[in-house]
Structures are given as C-alpha cells and as structure tokens.
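# Fold and contact review
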Protein chains: 2
Amino acid sequence: MTRTAHTNAPHMPHPLERLEQLLHADMLRVNAMIIERFQSDIPLIPRVAAYLIAAGGKRIRPLLTLAAAALADHADPAQNPVQKADGYAASVEFIHTATLLHDDVVDESEKRRGQDSANIVFGNQASVLVGDFLFSKSFELMVEGGSLRALDMLARASATIAEGEVLQMSLRGDVSMTRDQYMTIIECKTAALFRAATQVGGIVTGQSEDRIQALYDYGQNLGMCFQIADDMMDYASTEAAMGKNRGDDFREGKITLPVLIAMERAKTADETAFWNRVLKDKAQKDGDFDHAIVLIHQHGAMNETYSLCEYYAEKAKNALDVLTDKTLKDQGQGHSNHAQIIACLYDLVDFVVRRDR
Amino acid sequence: MTRTAHTNAPHMPHPLERLEQLLHADMLRVNAMIIERFQSDIPLIPRVAAYLIAAGGKRIRPLLTLAAAALADHADPAQNPVQKADGYAASVEFIHTATLLHDDVVDESEKRRGQDSANIVFGNQASVLVGDFLFSKSFELMVEGGSLRALDMLARASATIAEGEVLQMSLRGDVSMTRDQYMTIIECKTAALFRAATQVGGIVTGQSEDRIQALYDYGQNLGMCFQIADDMMDYASTEAAMGKNRGDDFREGKITLPVLIAMERAKTADETAFWNRVLKDKAQKDGDFDHAIVLIHQHGAMNETYSLCEYYAEKAKNALDVLTDKTLKDQGQGHSNHAQIIACLYDLVDFVVRRDR
C-alpha cells in the first residue's frame, strides 16, 4: 500500500466529516436517539452519559454502522434502508461508551479526550454503574431492532471486549508477553466492536452473505489499524492532538507493540534490565519515558509497528473492493451515493493509519 | 397474613431445598450451563466467576425461572417445557452475579456470603471486567433462547437494576431521603430481576397472559419482601447467619427503611443530631451502631418494617392463587407436580420474610 496523496491535501475535509455529511440526516436521527435513550429519572445518569457522549467523541462506530447500511441495495427509492440500522448504530455507541467508562476505572485514568475523565469528575462508583446502565440500554435498543442475528453478533462482541480487557489487565507489566497475546488483546478489545458495527449494518439491511462478510472484514481490519495506531501514538515524538496523554500506556505498564518489538531486539543486559525495571517492577523515574522512546526508535520498532498497521490497512481496503464492485452496478435512489461512501471508507483507513503524524 | 405453622416445623426442609429437589434434573442442566458459559480462554475469568458463583449462592433467581416454567400446561408428557427456560435461568443468574461483582466494588465491600468478596481477592479491576463479561454472556444466552419478549424483559430489568444502584449511591448519607425513594431503590435493584425471572419462565413456555401477569406479580412482591427483609437483617439483634455483615449498611451510610422510620420518629434534637452525624457526616464512633439499634427498636421501626414486608408477602401469595386455580385443573405428566411447586413458592414467601428470625 502506498499512501494516497489526496487524503493529505490541505483543506480536504477529514473522511469522518465527509462521511457524516453524506449520512447527515441519518446521523441526526441516531444522535437524537442516543440522547433520548440515556435519559433517566435518576439525574446523575444523563449527567454522566452526556459528559462522555457529548465530549467530542468522533462517533466513528455508529457512523460505520450507518455507512454499512447505506451500502444496501434498495429498489424502492422511497425506502431508506439506513433507518433500519438506527437502533443498532446507537447501541454500538452505547457499548463503546460503557467500555470507556469502565476502562477509565480499571486504568485509573485521569484524562479522556482531552478533559478530566468521568471517574475523576463523578467517581468510580458512578462510572461503573452508569456504564452498566448504558450497556443495558444498548441491549434494549437491539431488542427493539428485532434481528436476533444482529443481537447475537453484538452480544458476542461485548463478551469479547471484556475478555480482551481482562487479558490486557492480566498481562500488565508482564515482560514475557508475546506478539500473539498482543494481537489477541487488540482484536478483542477494539476490532471486535468495529467488525460488529459494520457487519450489523449489512445484516439488518438484508445484504448478501458476501457483502456481510466483506463488511465484517473491513471493520475487523480497520479496528486492528485503529488500535495499533493508537498504541503508536503513545510513543509519538510529539504530544498527539487526540486528547490522549502520551506515555499513559508506559506509565500503566501496558505493553504494546512498539515496546514488545524494542524488548525483543534489546541488545544489552542494560536494556533488558531497563524494561524490567520500568514495566515489571514499575519503578519509573524521570527520563525513563524519553529513554524508552529512544530505544523504540533505535530498534526500528516504530517503523515495524507502522508496517503492521499498513498490512491491516491493505486488508481493510481489499474488503472494500468486494463492496465496490456491487456498488458500481447499483444505481438506485436515496443513498445512491454508494461510491462516495466507499471513497470515504477508503480514505478513513488512511486517516486512521496516519492520524498521529 | 398469618404465619403458616408448617414452614417453621422442625426437620421441614427449607422451601428452596424442596424446590431444588422438585426441579433437580432441570437445575442440574442449568448449573452445567452456567459453568460451561463462564469458561474463557482468559484463565482469570472462570476463576473470578467460579469464586462467586460456586460460593454458596442459593440460586434463588434461576430456580424461580424454572419453577415458573414448570407451571406451564403441557399436553405432551414427553416434552419437558422447563427445558425452554434453561438459558434464561442461567442468564438471570449471570445478571445477578455481574451486579454482585459491581456492587461490591461500588460499596467497597469486604465480605460476601461469609467470605472475602471478589474485589478483595482479585481486585476492583477484575471485578468490573468479569462483571461485564458475565453480563455480556447473559445476553448471549438470551439471544440463543430466541424470545424477543423475554430478551426485552431482561434487558429492561438490567437497566432498571443499574438505575436503582445509581439512585441508592446518589442518596447515600442523605438524611432527607423519602420512603418513596427507598421503595423505588428496592424495586429497581431487587424486585426488577425477581419479577423478570418469574415472568420470563412463563413467557418462554407460552403460558397465558393472566398467568404471565401473576408470575410477574409473584416475583415483584417476593423481591420487595426479600430486600426489605435483607435491610432488616442489617439491624437484627444477633449476627445473621446469611453471610451478611450486620451493620454494613449503617457503616456505608446506606439509608434503609428501619433507619428512615426511626429518623421520622426522632423525638429530640439529640436524636436528629445523632443520625446527621453518623449518616450524613459519616463521623461514626464505637457504640454508634448499638445506639442506632436502640433507637430503631425504641420507635417500633423494626415492627413497622416487618409489617410492610408482610404486606408484600400477602400480595405475593395472592398472585399464587391465580396460578393455583389453573394448576389444580391440570393433570399432565412430567412436571405434574404443579401443586408441590406452588406450595414451595408459597412457603418461600414465608421463609424470605422470616429468614432473619
């Protein structure tokens, strides 16, 4: 894969913004549904939910569900197939928000999307319970949607996310962690919800099994890219503009691919002792993070991590090819902007790979 | 309601044990399913789940689902209608276990069922994440069951439980809490799952709407009894044998009915100052709990709480009358022990009301 020049061109809107423009009316419905569904007679619940959901989230997952639904074939221009996916798109965002609330408690995070995280503002107890509420609401939304297959997919994704988080927690500070274990963690905690988000859009609009599989593949591989790029950002040379605190993973002893590779390639006993001290013993001192970055770059770990990210990017784009062939033949009304949606999904891959640069 | 003498007779087995004997084969299947479904490739997950699920839980909720299912009419003796409820019974137990894991984190509990609570043994992080896993698994089980109506009921119950827990947390130490707020909390956090457990048993075995409503009413009122009795136990004169630490609610500033009534009836400024200090300011010292018990008994708060418990007990029993009429007419095979199941459910009400005595 070579980097496509046009996504980097100045003034070219962000692919997510373009996707949101294409699906504007649909996303308005979903946003209204999200806000309506996190209401409760218990005032603390909408306060916590609004704090997180309104806080500049990119809504990438529900947008993916709507985009997948918009790729449906529809002979009747009066029927908007995307509408069938509304509840699922909202439910995907609720699952994501619930996991953010719980993750911040587990990680003892202090920042999320550039502001104080909910556990800091409202306490761990509120984060745990409002997470549970949103999680339950996500299932209510899915039940209303009425597709048992979509429900099954999303229930599995939720269980898989929890497994990924537990595995990550179990292996915190474990310097003998393998690449396979790292790949399992990111597939479970991130790719599982991305692939469910896209696949469900295909399922509830009655798309063919080939297309549902392609949507799954796109989501799966975009999710892998997304998490690897996120893990790279933690060791980026400059503070990333995504609201993530550079060095968080390092300070929490969360071992990600750049560190794994640097540890594999450690040449001296000093290097190994360094990683043991800072990650296993968590005896970190000033300058350790900068030294970690030096070692990571010295061993080419960032480049290799980036290559793996590109490997998944390529696979995500290949999945789009399956969807494109069909799309070009389709000339229906309504969301007949299939080709534009495909182009956005294509550019989104590049954006995800390069958002830290 | 008068106390029925036979449940108090010596050597009379506990109504839950009798129910378990009547539904022995069914409960074996459900227990096997529970154990199978909390397995995971991530070893920590079954360890935490087994610690809690194997730890002497009474399985009252899944037993209620099976009992409700066993009251179904079934012309074909070869067909065991109860089997249809297996996955839902397991899923109800998973929801319950997930809420226990999260509650112990929220309450910073140290004991559960007489042993160290999971958050103490495995940490808050594992409790939050394994709770999420079990919660997701409960939805997987429901989806396999295939009844959207049962799914809807259980998803609503889950959201309601979370609302109850948030309300309880918001009102911790709030001495202006009202009886209505107390009733809302216990209905949400306890009765919602009891009523869903029984109702779902009726739904998935295709019982009439009248019977489904009666099952709902039985579960709702039994749940109210259960929680009020649980709240009374915290102020019982002797250490209760249920593994609950007497005085926990008091120490956590959790205001329950005995305290609410005692506060309403406080006659002196000293009494009001006492409740403000120990609950609102949480400035508790030695002897405060004993003094609280004295005030509670002095104002007849235990007796009044007990009366309310009996009020719900009566309603639970009335709901059984609807189910009994139908049952007596039914002479099918298989679970033709309808009358015995009804008798157990009847005695269970008395047991729940009087378990602290």
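Residues numbered from 1 in each chain as written. Chains lettered and ligands numbered in written order. Predicted model: local features only at pLDDT ≥ 70, side-chain atom pairs only at ≥ 80, totals over all residues. Heavy atoms only, no water.

## Here's the deal with the overall build of chain A
Looking only at helices and strands, chain A has 16 helices and two strands in total. Every one of the 357 residues in chain A was classed for burial, and the buried ones make up 61%. Total accessible area on chain A stands at roughly 13,600 Å², and carbon and sulfur atoms take up 49% of it. (Helix = DSSP H or I, 4+ residues; strand = E, 2+ residues; numbered from the N terminus. Buried < 20%, exposed > 50% of the residue type's maximum accessible area, 1.4 Å probe, protein only. Areas by Shrake-Rupley, 256 points an atom, 1.4 Å probe, with all protein chains shown as cover.)

## Side note on the packing of aromatic side chains
In this structure the tally under the stated criterion is 18 aromatic pairs over all chains. Summarising the aromatic geometry, the rings of F135(A) and F139(A) are spaced 5.5 Å apart at their centres and angled 85° between planes, so their arrangement reads as edge-to-face. With F135(A) and F139(A) both in helix α7 (residues 124-145), this residue pair falls four residues apart, about one helical turn. Of the two residues, F135(A) and F139(A), both sit in the buried class. The interplanar angle of 50° and the centroid separation of 5.5 Å between the aromatic rings of F250(A) and F289(A) together place this pair among those described as tilted. In this pair, F250(A) sits in helix α11 (residues 248-252) while F289(A) sits in helix α14 (residues 288-298), placing the two residues 39 residues apart along the sequence. F289(A) carries the same exposure label as F250(A), and that label is buried. Taken together, the aromatic side chains of F135(A), F139(A), F135(B) and F139(B) make up a single cluster linked through ring pairs. Over the aromatic face of F226(A) sits the side chain of R61(A), whose NZ or CZ is 5.6 Å from the ring centroid. (Phe/Tyr/Trp six-rings, centres within 6.5 Å; stacked < 30°, edge-to-face > 60°. Lys NZ or Arg CZ within 6 Å of the ring centre and 35° of its normal.)

## Focus: the interface of chain B and chain A
Interfaces are often described in size by the accessible area the parts lose on coming together. Listed by partner, the interface residues are 37 residues for chain B and 37 residues for chain A. Where chain B meets chain A, there are zero salt bridges. Listing elements by their share of the side of chain B that touches chain A, those giving two or more residues are α3 (44-53), α5 (86-107), α7 (124-145) and α8 (148-170) of chain B. Looking at the side of chain B that touches chain A element by element, the count peaks at 14 residues for α8(B). Of the residues belonging to the side of chain B that touches chain A, the class tally is 20 nonpolar, seven polar and 10 charged. (Contact = heavy atoms within 4.5 Å. Salt bridge = Lys/Arg side-chain N within 4 Å of Asp/Glu carboxyl O. Nonpolar A, V, L, I, M, F, W, Y, C, P; charged D, E, K, R; others polar.)

## Considering helix α4 (residues 60-70) of chain A
Residue and element names in this part refer to chain A. For α4, the tally of buried residues reaches 11 of 11 residues, placing the bulk of the element in the interior. Inspection of α4 places I60, R61, P62, L63, L64, T65, L66, A67, A68, A69 and A70 among the buried residues, and these make up the whole buried set. Packed against the buried residues of α4 are α1 (15-22), α2 (24-37), α5 (86-107), α9 (179-204), α10 (209-233) and α16 (338-354).

## Quick word on empty space enclosed by the protein
Over the atoms a probe the size of a water molecule is rolled, and this reveals where empty space is left. This structure, assessed with the given rule, holds four cavities of 30 Å³ or more. Considering the residues around the largest cavity, the lining is formed by 15 residues, among which T99(A), H102(A), F135(A), I161(A) and D132(B) are closest to the centre. Residue assignment for the lining of the largest cavity shows that the elements contributing at least two residues are α5, α7 and α8 (148-170) of chain A together with α7 of chain B. With five residues, α5(A) is the largest single contributor of residues to the lining of the largest cavity. Each residue belonging to the lining of the largest cavity can be placed in one class, and the counts come to six nonpolar, five polar and four charged. Within this model, the second largest cavity holds a volume of roughly 90 Å³. Taken together, 13 residues line the second largest cavity, and the ones lying closest to its centre are D132(A), T99(B), F135(B), S158(B) and I161(B). Among the secondary structure elements, those contributing two or more residues to the lining of the second largest cavity are α7 of chain A together with α5, α7 and α8 of chain B. Among the residues forming the lining of the second largest cavity, the class breakdown is five nonpolar, five polar and three charged. (1 Å grid on protein atoms, 1.4 Å probe; cavity = no way out; pocket = protein on both sides within 12 Å on 5 of 7 lines; lining within 4 Å. Points joined across faces, edges and corners; volume = space filled by probe spheres on them.)

## Topic: the confidence of the model for chain A
Residues and elements named next belong to chain A. Overall, the predicted model of chain A reaches an average pLDDT of 89, with 88% of residues at or above 70. No element of chain A has a lower mean pLDDT than strand β1 (residues 111-112), at 77, and none a higher one than α9, at 98. A low-confidence stretch, residues 1-10 (pLDDT under 50), is modelled with 18 contacts involving residues beyond four sequence positions or located in other chains. Overall, residues 327-334 carries pLDDT values under 50, and its contacts beyond four positions in sequence, including any with other chains, amount to 11 contacts. As scored by the predictor, the complex reaches a pTM of 0.92 and an ipTM of 0.91. (pLDDT = per-residue confidence, 0-100.)

## Quick notes on the pattern of salt bridges
All names here are of chain A. In the structure shown here, the tally under the stated rule is 38 salt bridges over all chains. The residue K317 makes a salt bridge to D350 at a minimum N-O spacing of 2.8 Å. One end of the pair, K317, is in helix α15 (residues 301-329); the other, D350, is in helix α16, with 33 residues separating them in the sequence. Several salt bridges share partner residues, and in doing so they unite D107, R172, E252 and K254 into one network.

## What to know about the packing of α3(B) against α7(B)
Residues and elements named next belong to chain B. Between α3 and α7, whose axes approach to 10 Å, the crossing angle comes to 90°. For the element pair α3 / α7, the angle class is roughly perpendicular. Counting all contacts with α3, which are made through L44, I45, V48 and A49, the residues of α7 involved are A126, V130, F133 and L134. Within the contact of α3 with α7, the residues separate by chemical class into eight nonpolar, no polar and no charged. (Axes fitted to C-alpha atoms, helices over the stretch in contact; angles between N-to-C directions. Parallel < 35°, antiparallel > 145°, perpendicular 65-115°, else oblique.)

## Observations concerning the relation of the copies chain B and chain A
Once chain B is rotated about the relating axis by 180° and shifted along it by 0.0 Å, it coincides with chain A to within an RMSD of 0.0 Å. The relationship between the two copies is best expressed as a two-fold rotation axis. No C-alpha of chain B approaches the rotation axis more nearly than that of V128(B), which lies at 3.7 Å. Comparing contact sets, 100% of the residues at the interface of chain B also lie at the interface in chain A, consistent with an isologous, same-surface contact. (Least-squares fit on C-alpha atoms with pLDDT ≥ 70 in both.)

## Considerations on the environment of Y312(B)
All names here are of chain B. Along the polypeptide, Y312 turns up in helix α15 (residues 301-329). Owing to a relative accessible area of 12%, Y312 belongs among the buried residues under this scheme. Beyond its immediate stretch of four places on either side in the chain, Y312 contacts M183, N221, M224, C225 and I228.

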